[in-house]
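Results of the structural survey
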Amino acid sequence: MPMPSNPPKNPSSPFASFAGHHVGVRVPDYEAAKQWYVEKLDFRVLQEWPYGELKLAYLSPANDDDFHLELLAGPIPFPNEVLDDLGVSLQHGGYQHICVHVDNVDKAVAELARRGVDLIGDPFEIDDISRRLAFFRDPWGNMIELSETLPGAGA
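Small disclaimer: the values here were computed from a predicted structure and weren't measured.

The rules we used
Residues numbered from 1 in each chain as written. Predicted model: local features only at pLDDT ≥ 70, side-chain atom pairs only at ≥ 80, totals over all residues. Heavy atoms only, no water. Pairing = 2+ DSSP bridges. Helix = DSSP H or I, 4+ residues; strand = E, 2+ residues; numbered from the N terminus. Axes fitted to C-alpha atoms, helices over the stretch in contact; angles between N-to-C directions. Patch = residues over 30% accessible without salt bridge, like charges linked within 9 Å, V, L, I, M, F, W, Y side chains within 5 Å. Areas by Shrake-Rupley, 256 points an atom, 1.4 Å probe, with all protein chains shown as cover. Salt bridge = Lys/Arg side-chain N within 4 Å of Asp/Glu carboxyl O. Buried < 20%, exposed > 50% of the residue type's maximum accessible area, 1.4 Å probe, protein only. Lys, Arg positive; Asp, Glu negative; His and termini not counted. Polar contact = N/O pair within 3.5 Å; in protein donor to acceptor, adjacent residues only side chain to side chain. Contact = heavy atoms within 4.5 Å.

Where strand β6 (residues 118-126) and strand β7 (residues 131-137) come together, 6 bridges link them in antiparallel fashion. When the sheet's bridge partners are listed, I120 is paired in β7 with F135. The loop that links β6 with its antiparallel partner β7 comprises 4 residues; one of these, S130, has a positive phi angle of about 55°.

Here it is as structure tokens:
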């Protein structure tokens, strides 16, 4: 079943300029996190700066200049539980995952496995949204979803 068309845009909204820019990911070790995202996911370091006791950076995916992952690194007095199961993670409130589009989930998962990335379950399809999905996590438990548009579905 293909995804429905988007509802009409609303350029008269006072929030018409809203657009995705970045997602912040809290990690305890700046250098380790930067290295992991660069080596495992081919992210590029755009900018680095301090903020109080924290060290921050914008990282961009290998071939996308419009989306950034913001690392927020430093001591974490209240760490989140690291979860190994997607279903269990859906029982927790708040932030759940970052989603990135890929052309082929299975190829991306195979490369992640080759690079030693912690995969969460097997890829699966949800016909209602015309997507093939897979999940993995960084070493600090932050989940990332891969999303592939199924053939015959709108983008």
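There is more to say after this.
Next up on the list: the sheet that holds β6. Strand order in this open sheet of 4 strands is β5-β8-β7-β6, and the pairing throughout is mixed. This sheet does not close on itself; its edge strands, each paired only once, are β5 (98-101) and β6. Averaged over neighbouring strand pairs, the angle between their axes works out to 20° when direction is ignored. As defined by bridge partners, β7 adjoins strand β8 (residues 143-149) across 7 bridges and the pair is classed as antiparallel. Note that in β8 the partner of R131 across the bridge is T149.

Before going further, it helps to spend a moment on a nonpolar patch on the surface. A cluster of nonpolar side chains, M3, I126 and I129, forms an exposed patch at the surface whose accessible area comes to about 200 Å². Mapped onto the secondary structure, M3 falls in the segment before β1 (22-27).

To continue, consider the side chain of D138. Mapped onto the elements of the fold, D138 is located in the loop between β7 and β8. Nearest to the buried, unbridged D138 among oppositely charged side chains is R137, at 6.9 Å. Within the structure, D138 has its side chain in polar contact with the side chain of N142 (distance 2.9 Å). What D138 contacts, discounting residues up to four positions off in sequence, is V25, V27, W36 and Y37.

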